[in-house]
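What follows is the residue order along each chain.
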Amino acid sequence: MVKTAQRSVKTGDKAVKEATKGTLKTAAKSIKTADHTAKAAVKTSQTAKTAAKTAQTTQRAEQAARLAARAAAVSAKTAAKAMAAAIKAIIAAAKGLTALIAVGGWTAVVVILVICLAGFLLGSAFGIFYSNESPGGNTPVMTEAVSKLNEEFTAEIQRIQDENPHDTLELSGSDSISANQWREILTVYAVKVTADPEKGMEVATLDDTKVGILRDVFWDMNKIDYWIETIEHEETVTTTDEDGNETTETITTTETILHINITFKSHTDMIAEYGFNPDQVKMLNELMKDEYQQLFMRLVGS
């Protein structure tokens, strides 16, 4: 029994030693793992800062790439001059990516690919969505052009009223252009400018020429007609003299009515008016999809 007890004690002592040894090894291993994790966390923290800057810098470019892919699927025809101008614009806007390209590796490949896709995008009708990005100088952005044309529209209606004295105004149609109407105007403008077979231009920026084209499209799609109508009204008037005698007479009055009729043409109306070809119609219908509505609302300041 004593030998058995001693043997049990030795066995227990050995078990304790082995357990302790295993625990110490596990603890040591855990410490090394924790140390490795801590170092990795520091590196991750430093990488996170770079990643955050990368994500912020390339966010718009990635959106451009997605739209570019859609543009390529809709139409592969882009004017050479428009493409050249678009590539210059995207390179100028991508100065913040220079450091990333210098790093090399997959980051550089992605950035260069995005720039190329964005260049195609800006040269297509989808470039309209970037027309609020100011290139500097005195060049207007789309929101400013929209505001200016809205003022011209209101001023024209007021001019008609001022130059045609009237007693009554009869206005049919809206005396202001809604955001949805502007969406159709900008869609027609984008397709008309970028898909012109001879004078194709990008629509990501504005200049005097393109503002002039936008103005022409605006007035082609918003027609104001007016005319004067004169109506005679007969009235029976009863008067009483000092002696209380009543006299009844019929008098004629003239009312001058100014009629102003405002007619808005939709983007589908402009297909025949501008003679859009099948590719242009396809692009027109693509831009009018609901998924682009919010992008157009930003252009018109809504």
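Remember, predicted model here, so these are calculated numbers, not experimental data.

(A) Layout of the overall build of the protein chain. The secondary structure content of the protein chain amounts to 10 helices and 3 strands. Its helices and strands in sequence order give the protein chain the pattern α-α-α-α-α-β-α-α-β-β-α-α-α, from N to C terminus. Across the 302 residues in the protein chain, those meeting the buried criterion constitute 31%. Partitioning the intrachain contacts of the protein chain with sequence separation of at least 6 by distance along the chain shows that 75% fall at a separation of at least 24.

(B) The arrangement of the environment of Thr139 in detail. Take Thr139: it is sitting in the loop between helix H4 (105-122) and helix H5 (142-163). Separated by 68 residues in the primary sequence, Thr139 and Asp207 have C-alpha atoms spaced 6.1 Å apart. If sequence neighbours within four positions are ignored, Thr139 has contacts with Ser134 and Leu206.

(C) Inspection of helix H9 (residues 278-287) at higher detail. Looking only at H9, the buried set comprises Gln280, Met283, Leu284, Glu286 and Leu287. Around the axis of H9, the buried residues are gathered within 160 degrees of arc, so they sit on the same side. N-capping of H9 is provided by Asn277, with a side-chain oxygen placed 3.1 Å from the backbone N of Asp279.

(D) Summary view of the nonpolar core. Counting 44 residues, the largest nonpolar core has Ile128, Phe129, Met142, Trp182, Leu214, Leu287 and Phe296 as the members making the most contacts within it. Only H5, helix H6 (179-194), helix H7 (208-221), strand E3 (246-264), H9 and helix H10 (293-299) provide two or more residues apiece to this core. With 8 residues, the top contributor of residues to this core is H6. Every residue in contact with Ile128, bar those within four places of it in the chain, is listed here: Met142, Leu186, Tyr189, Ala190, Val203, Phe296 and Leu299.

(E) Structural context of the confidence of the model for the protein chain. Looking at the protein chain as a whole, its pLDDT mean stands at 73, while 59% of the residues score no less than 70. Every residue in residues 1-45 is under pLDDT 50, and counting partners more than four places away or in other chains gives 0 contacts.

(F) Main features of H7. Relative to the 20 Å expected for 14 residues at 1.5 Å per residue, H7 spans 20 Å between its end C-alpha atoms, a close match to the ideal helical length. Among the residues of H7, Lys210, Val211, Leu214, Val217, Phe218 and Met221 are the ones counted as buried. Along the axis of H7, the buried positions cluster into a sector of 120 degrees, meaning they face one direction only. Buried residues belonging to H7 abut H5, H6, strand E2 (222-240), E3 and helix H8 (269-274). For H7, the N-terminal cap is Asp207; the gap from its side-chain oxygen to the backbone nitrogen of Thr209 is 3.1 Å.

(G) Structural detail: the packing of aromatic side chains. Summed over all chains, the structure comprises 9 aromatic pairs. Residues Phe153 and Phe218 carry aromatic rings whose centres are separated by 6.0 Å and whose planes lie at 90 degrees to one another, so their mutual orientation is edge-to-face. Of this pair, Phe153 sits in helix H5 while Phe218 sits in helix H7, placing them 65 residues apart in sequence. We note Lys192 situated over the ring of Tyr274; from NZ or CZ to the ring centre the distance is 4.2 Å.

(H) Molecular detail of the pattern of salt bridges. Counted by the stated rule, this structure contains 6 salt bridges. We note a salt bridge from Arg159 to Glu163, for which the minimum N-O separation is 2.6 Å. With a gap of 4 residues between them, Arg159 and Glu163 both fall in helix H5, about one helical turn apart. According to the relative accessible area criterion, Glu163 is exposed, its value standing at 52%.

So, how was this worked out
- Residues numbered from 1 in each chain as written.
- Predicted model: local features only at pLDDT ≥ 70, side-chain atom pairs only at ≥ 80, totals over all residues.
- Heavy atoms only, no water.
- Helix = DSSP H or I, 4+ residues; strand = E, 2+ residues; numbered from the N terminus.
- Buried < 20%, exposed > 50% of the residue type's maximum accessible area, 1.4 Å probe, protein only.
- Contact = heavy atoms within 4.5 Å.
- Arc of directions from axis to C-beta.
- Polar contact = N/O pair within 3.5 Å; in protein donor to acceptor, adjacent residues only side chain to side chain.
- Core = buried A, V, L, I, M, F, W, Y, C linked by side-chain atoms within 4.5 Å.
- pLDDT = per-residue confidence, 0-100.
- Expected span 1.5 Å × (residues − 1).
- Phe/Tyr/Trp six-rings, centres within 6.5 Å; stacked < 30°, edge-to-face > 60°.
- Lys NZ or Arg CZ within 6 Å of the ring centre and 35° of its normal.
- Salt bridge = Lys/Arg side-chain N within 4 Å of Asp/Glu carboxyl O.

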